[in-house]
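Chain by chain, the residues run as shown.
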Amino acid sequence: MKPLSVMLSMLVIGITSSAAMAEGADLVNASLPNASLPNISPANSELVNRGAYIARAADCMACHGESYTGGTAIETPMGEIYSTNITPSKRYGIGKYTENDLKNALQKGRAPNHMLYPAMPYPSYNGMKEEDISALFAYLQTVPVVDEAPKQKTDLPFPFNIRALMLGWNFLNVPSTEKRDGLNETQQRGEYIVNNLEHCGTCHTPRNSTMGFDKKMYLSGAQLGNWHAPNITPDESSGIGSWSEQDIITYLRTGELDQRAYAGGPMGEAVAHSTQYLKNEDLSAIASYLKAVPAIQTDDKLSAVDVSRLPTRVSESITHDLLAQKDYLAQAKTEVSNGSNSPKSLYLATCGSCHGVDGYGQPDAQYSPIVGLSSIRRDKPDALVNIILHGVVGSTNTSPIMPAFSDQLDNEQIASIANYVRVNFGGLASSAVSAADVDRIATTGADKPFLIKYAGLLAILGIIVAIAVIIFIVRAIIRNRRRR
Ligand code: HEC
Ligand code: HEC
Ligand code: HEC
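Everything numeric here is computed off the predicted structure, so don't read it as measured data.

Draft legend 1. Layout of the overall build of the protein chain. Regarding its fold elements, the protein chain presents 20 helices and six strands. Residue burial in the protein chain is summarised as follows: out of 484 residues, 48% are buried. Long-range contacts, defined as pairs at least 24 residues apart, comprise 64% of the intrachain contacts of the protein chain with a sequence gap of at least 6. Of the roughly 23,500 Å² of accessible surface on the protein chain, 56% is carried by carbon and sulfur atoms.

Now the structure itself:
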C-alpha cells in the first residue's frame, strides 16, 4: 500500500466517519466504521455486511479481485494456478452454489465437481466458523453478477492435473494450523483472524517437503518466489520482537512503520485489500496474538536500527529541493556513463531519482522512503538484491512501479549499490555483499529444468499418490460394509 493512498483513504475515512470524529480518534487509530468499507452498504442487511467484512478479513479480493471475477495467477512450483470467478453467475461463477457447497470449498477444498488446489487457502479456511461462512454466503449472493470466465485457465502438467491427488495432500496438510493453549480471549480472536481468516501463514510459514505448512517453523519466515516474507514471531534477533503491539497495528493499518518497515509486494497487497480495513479491535487482537506465539530464531538476523547512523530527514541536504536534486543526479549519471563505478554515483544514477539522494524517497509522489527498512538490515541481503534484480509491481493499479535492473546492471554494480544502501540507509556498520552473492540469488530462480528442480517433489508425489490410493481403497471397503 502506498503511503499517499493510505493517507488519502484514512482521510476519507476520517471525513466520512462521524463515529470516528465523535470519538476524536486520530487518523491511524480511527476505528473503521462499517460504512467506510468499500464493499459495505447501508442498503444491505446486517448479515450481508458482516459477510462483506469477513470477505475483507479473509482477503478473498487479493486473489479473486475486487469484483470477484478471478483470473489472478498464483505462481506455484508446478505452474500457474488461476483464481476463478466467484460472482453469483450461474454459468461462470458460483451462482449454483448452496451454502454447503461454499462451506466445502472453503473448509475442505472441494468444489461441487472437482477438488481445488491449495492455491486457494482452504487449509487455513478449514477453521472458519460456520456463522462467518453463512454471512459470507449471504454477502456473495449480493455481489454483481459477471457472466464471463477469467481469460486464463489453470492447466498444470501431468501428474499435477489429477486433482484427486489433492485428497492425499489434504490428508497430510489440512488443517494447516493448530489451536494454541493458554491464550486469553483477545489472543484467541487474534489466532482465529491470523490462522483462519487472514491466512498470514500462507506466506510467513515455511513449507515442508510436501509443500504443506512446516508447523514447527510457524510464522518464522519463507521465500515466496522473489519475495521474502520475514520472520514475524516475537524473536528479538530475527523476528519482530522489538515491535510494540501498536507498531504491528500501525504497520497493518498503513503499510509502513517510519524508518523501520515497509509493506511492499505481496504484503502491500495484503494491506491494500485487507488489513487496512480491519476494525481496531481486530488489529489489536492480531498484535496481541503475534506477541504470544513461540519466538523462533532463524539465521537471518536483523540489525537494530542505529538511528544515529541514518541520514537526517529534512536537512541541509538537497533531498527535498527537486530542482537542485535533478542537477545533482544528472551529474552522477554523467559520471557513471563515463565509467565511474563509485557506489554513491551508481546509487544516485540508478535509484536516486525515485528514492532521493538521502533515501527518503519523494515526499509527494508515492516513491517509498527506504531509510531504515527491515528489508535492507538483514544478515541475508537476498530481499534487497531480489528487489533490485526484479523490481516491484505496485500493489494497486495506481501505484508506481520500480523497474527491474537485472538487465541494466551487472552483478558487481548490484552488489555495490546493495552495500551502499545497507550502510548508508540501513545504518549497518558494514556490508559485504559480493557479485557472487548476487549471482547466487539471481540463479536460485526459475530457470532450472523442471524435472531436476522438482525431482524431490515428484518423489513425494509418489507417496501422495500411494496415500490417495489407500484412502480410496479404505473408502470402498467402508462403503461395501455399509451396503451389507
Ligand atoms: C491466495 C489466493 C486466494 C484467496 C485468498 C482466496 N481464493 Fe478462492 N480460489 C483461489 C484459486 C486459485 C482458486 C481456483 C483453484 C483451483 O483451480 O483449484 C479458487 C477457487 C475458489 C472457489 C471455487 C470456485 C469453483 O471453481 O467452483 C471458491 C468458491 C472460492 N475460491 C471462494 C473464495 C472465498 C469466498 C475467498 C475468501 C474467503 C477466497 N476464495 C479466497 C485463490 C484464492
Ligand atoms: C501474500 C503473502 C503475505 C500475506 C498473506 C501476509 N504477508 Fe506479511 N509480509 C509478506 C512479505 C512479502 C513481506 C515483506 C514486505 C517488504 O519487505 O516489503 C511481509 C512483511 C510483514 C511484516 C513486516 C516484518 C518486517 O520485519 O519488516 C509484518 C509484521 C507482517 N508481514 C505481518 C503479516 C500479518 C500479521 C499477516 C496476516 C494478517 C501477513 N503479514 C500476511 C507477505 C505476506
Ligand atoms: C522508477 C522509480 C524507482 C527506481 C529507479 C527505483 N525504485 Fe525502489 N521502489 C520504487 C517504488 C515505487 C517502490 C515501492 C513499491 C511498492 O509499493 O511495493 C520501491 C521500493 C523499494 C524498496 C523497498 C522494498 C520493500 O518493500 O522492503 C527498496 C529497498 C528499493 N526500492 C530500493 C531501490 C534501489 C536500491 C534502487 C536502485 C537500484 C531502486 N529502488 C530504484 C521505485 C523505484
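Draft legend 2. Seen up close, the pairing of strand β2 (residues 79-82). In the sheet, strand β1 (residues 73-76) pairs with β2 via four bridges, with the strands oriented antiparallel. Opposite alanine 73, over in β2, you have tyrosine 82 as the bridge partner. From the end of β1 to the start of β2, which pair antiparallel, there are two residues.

Draft legend 3. Structural detail: helix α5 (residues 99-108). Taken as a whole, α5 has its buried residues at Leu102, Asn104, Ala105, Leu106 and Gln107. Those residues of α5 that are buried are in contact with α6 (122-125) and α7 (130-142). Phi turns positive one or two residues past the end of α5, at glycine 109, with a value near 70°.

Draft legend 4. Spotlight on helix α11 (residues 245-254). For α11, the tally of buried residues reaches eight of 10 residues, placing the bulk of the element in the interior. Listed as buried for α11 are Asp247, Ile248, Ile249, Thr250, Tyr251, Leu252, Arg253 and Thr254. Two residues or fewer after α11 comes glycine 255, characterised by a positive phi angle close to 80°.

Draft legend 5. Geometry of the side chain of asparagine 85. Along the chain, asparagine 85 falls in the loop between β2 and α5. Classification of asparagine 85 as buried rests on a relative accessible area of 2%. At 2.8 Å, the side chain of asparagine 85 and the backbone nitrogen of threonine 87 are in polar contact. One polar contact links the side chain of asparagine 85 to the main-chain carbonyl oxygen of valine 146, over a distance of 2.9 Å. The contacts of asparagine 85, once residues within four sequence positions are left out, are Tyr68, Thr69, Gly70, Tyr92, Gly93, Ile94, Val146, Glu148 and Pro150.

Draft legend 6. The coordination of the iron atom of ligand 1, seen in detail. His64 (NE2) and Met120 (SD) make up the full set of protein donors to the iron atom of ligand 1, lying at 2.0 to 2.2 Å. Around the iron atom of ligand 1, the six donor atoms sit at angles spanning 88 to 180°, and that spread fits a shape best called octahedral. One end of the pair, histidine 64, is in helix α4 (residues 60-64); the other, methionine 120, is in the loop between α5 and α6, and 56 residues separate them in sequence.

Draft legend 7. How the structure looks around the nonpolar core. Ranked by internal contacts, the top residues of the largest apolar core, which has 68 residues, are Tyr68, Met128, Tyr139 and Leu140. With residues near it in sequence (within four places) discarded, tyrosine 139 still touches Asn39, Val48, Gly51, Ala52, Ala55, Met61 and Tyr68. Core analysis: the second largest hydrophobic core is formed by 30 residues, Leu329, Tyr347, Ile376 and Val433 among them.

Draft legend 8. Here's a closer look at the coordination of the iron atom of ligand 3. Protein-derived ligands of the iron atom of ligand 3 are His355 (NE2) and Met402 (SD), with the metal-ligand distances lying across 1.9 to 2.2 Å. Its six donor atoms give the iron atom of ligand 3 angles of 88 to 178° at the centre, a pattern that matches the octahedral case. Residue histidine 355 is located in helix α16 (residues 352-355), and its partner methionine 402 is located in the loop between α17 (382-390) and α18 (411-424); the two are separated by 47 residues in the primary sequence. For histidine 355, a relative accessible area of 12% corresponds to the buried category. Residue methionine 402 is classed as partly exposed on the basis of its relative accessible area, which comes to 21%.

Draft legend 9. Representation of the site of ligand 1 within the structure. Surveying the vicinity of ligand 1 reveals 26 residues, the closest of which are Cys60, Cys63, His64, Tyr97 and Met120. One nitrogen or oxygen atom from the side chain of arginine 163 is found 2.7 Å from an oxygen atom belonging to ligand 1. Ranked by residue count, the leading element in the shell around ligand 1 is α4, at three residues. Class assignment for the residues of the shell around ligand 1 results in 19 nonpolar, five polar and two charged.

Draft legend 10. Inspection of the site of ligand 2 at higher detail. In the vicinity of ligand 2, 23 residues are found, and the nearest of them are Cys200, Cys203, His204, Met267 and Ser374. A distance of 2.8 Å is found between a nitrogen atom of ligand 2 and a side-chain nitrogen or oxygen belonging to histidine 204. A distance of 2.5 Å separates an oxygen atom of ligand 2 from a polar side-chain atom of serine 374. Here the shell around ligand 2 takes three residues from strand β4 (residues 227-229), the largest share from any one element. Along the lines of polarity and charge, the residues of the shell around ligand 2 split into 15 nonpolar, six polar and two charged. Residues lining the shell around ligand 2 come from more than one domain, with at least three contributed by each of domain 2 (176-298) and domain 3 (307-443).

Draft legend 11. Seen up close, the confidence of the model for the protein chain. Confidence in the prediction of the protein chain, expressed as mean pLDDT, is 84, and 84% of residues score 70 or more. Here residues 1-35 is a poorly scored stretch, pLDDT under 50, and it has 55 contacts once near neighbours within four places are set aside; other chains count.

Draft legend 12. Structural detail: the packing of aromatic side chains. Inspection of the entire model under this criterion finds five aromatic pairs. Taking 5.1 Å as the distance between ring centres and 70° as the angle between the ring planes, the aromatic pair formed by tyrosine 347 and phenylalanine 425 counts as edge-to-face. Here tyrosine 347 is found in helix α15 (residues 343-350), whereas its partner phenylalanine 425 is found in the loop between α18 and α19 (435-443), with 78 residues between them in sequence. Accessibility classification places tyrosine 347 together with phenylalanine 425 in one group, the buried group. Taken together, Tyr347, Tyr420 and Phe425 form an aromatic cluster joined through their ring pairs. The side chain of lysine 129 reaches across the aromatic face of tyrosine 192, ending 4.2 Å from its centre. Positioned above the aromatic ring of tyrosine 53 is the side chain of lysine 279, whose terminal nitrogen or guanidinium carbon lies 4.6 Å from the ring centre.

Draft legend 13. Spatial organisation of the pattern of salt bridges. Enumeration according to the criterion identifies nine salt bridges in this entry. When the shortest N-O distance is used, the salt bridge between lysine 215 and glutamate 178 registers 3.5 Å. Placement of lysine 215 in the loop between α10 (201-204) and β3 (222-224) and of glutamate 178 in the loop between α8 (166-173) and α9 (185-197) is noted, with a sequence separation of 37 residues between them. Look at glutamate 178 and you get exposed, because its relative accessible area is 56%. The closest approach of N and O atoms between arginine 440 and aspartate 382, which form a salt bridge, is 3.3 Å. In this pair, arginine 440 is assigned in helix α19 and aspartate 382 in helix α17, connecting sequence segments 58 residues apart. The exposure class of arginine 440 is partly exposed, given its relative accessible area of 40%.

Cut-off values and rules
Once a new chain begins, its residue numbering starts again from 1 and follows that chain's sequence as written. Just so you know, chain letters begin at A and ligand numbers begin at 1, following the order they were written in. This being a predicted model, a pLDDT of at least 70 is required before a residue's local features are given, and a value of 80 or more before pairs of side-chain atoms are given or counted; all residues contribute to the totals for chains, interfaces and linings. Heavy atoms from the whole structure form the basis of all side-chain values; hydrogens and water molecules are not counted. Runs of H or I in DSSP of at least four residues are treated as helices and runs of E of at least two as strands, each being numbered from the N terminus. Note on exposure labels: buried denotes an accessible area under 20% of the residue type's maximum, exposed denotes more than 50%, and partly exposed covers the range between, all computed with a 1.4 Å probe on protein chains only. Note on contacts: a residue pair is in contact if any heavy atoms of the two residues lie within 4.5 Å. Accessible surface area values rest on a Shrake-Rupley calculation with a 1.4 Å probe, where residue burial reflects the displayed protein chains alone. Here, strands pair whenever DSSP counts at least two bridges between them. Any pair of nitrogen or oxygen atoms within 3.5 Å is treated as a polar contact; in protein, a donor-acceptor pairing is required on top of that, and neighbouring residues in sequence qualify only through side-chain atoms on both sides. Listed donor atoms are N, O and S within 2.8 Å of the metal (Na, K and Ca: 3.2 Å). As water is not included, a site may look incomplete. Here the metal geometry follows the donor angles, with tetrahedral for four donors whose angles all fall between 85 and 135 degrees, square planar for four and octahedral for six when opposite donors are more than 155 degrees apart and every other angle is between 65 and 115, and irregular for all the rest. Take the buried Ala, Val, Leu, Ile, Met, Phe, Trp, Tyr and Cys residues and link them wherever side-chain atoms come within 4.5 Å; each set so joined is a nonpolar core. Think of it this way: one heavy atom of a residue within 4 Å of a molecule or strand is enough to make that residue near it. Polar here means any residue outside two lists: the nonpolar Ala, Val, Leu, Ile, Met, Phe, Trp, Tyr, Cys and Pro, and the charged Asp, Glu, Lys and Arg; Gly therefore counts as polar. Residue ranges for the domains originate in an automatic or database domain assignment. For every residue, the predictor reports its confidence as pLDDT, a number between 0 and 100. Stacked, tilted and edge-to-face pairs are distinguished by plane angle, under 30 degrees for stacked and over 60 for edge-to-face with tilted covering the rest, among Phe, Tyr and Trp rings (Trp via its six-membered ring) whose centres lie within 6.5 Å. Throughout this description, the term charge over a ring refers to an Arg CZ or Lys NZ atom that lies within 6 Å of the ring centre and within 35 degrees of the ring normal. Each salt bridge in this description consists of a side-chain nitrogen of Lys or Arg and a carboxyl oxygen of Asp or Glu lying within 4 Å of one another.

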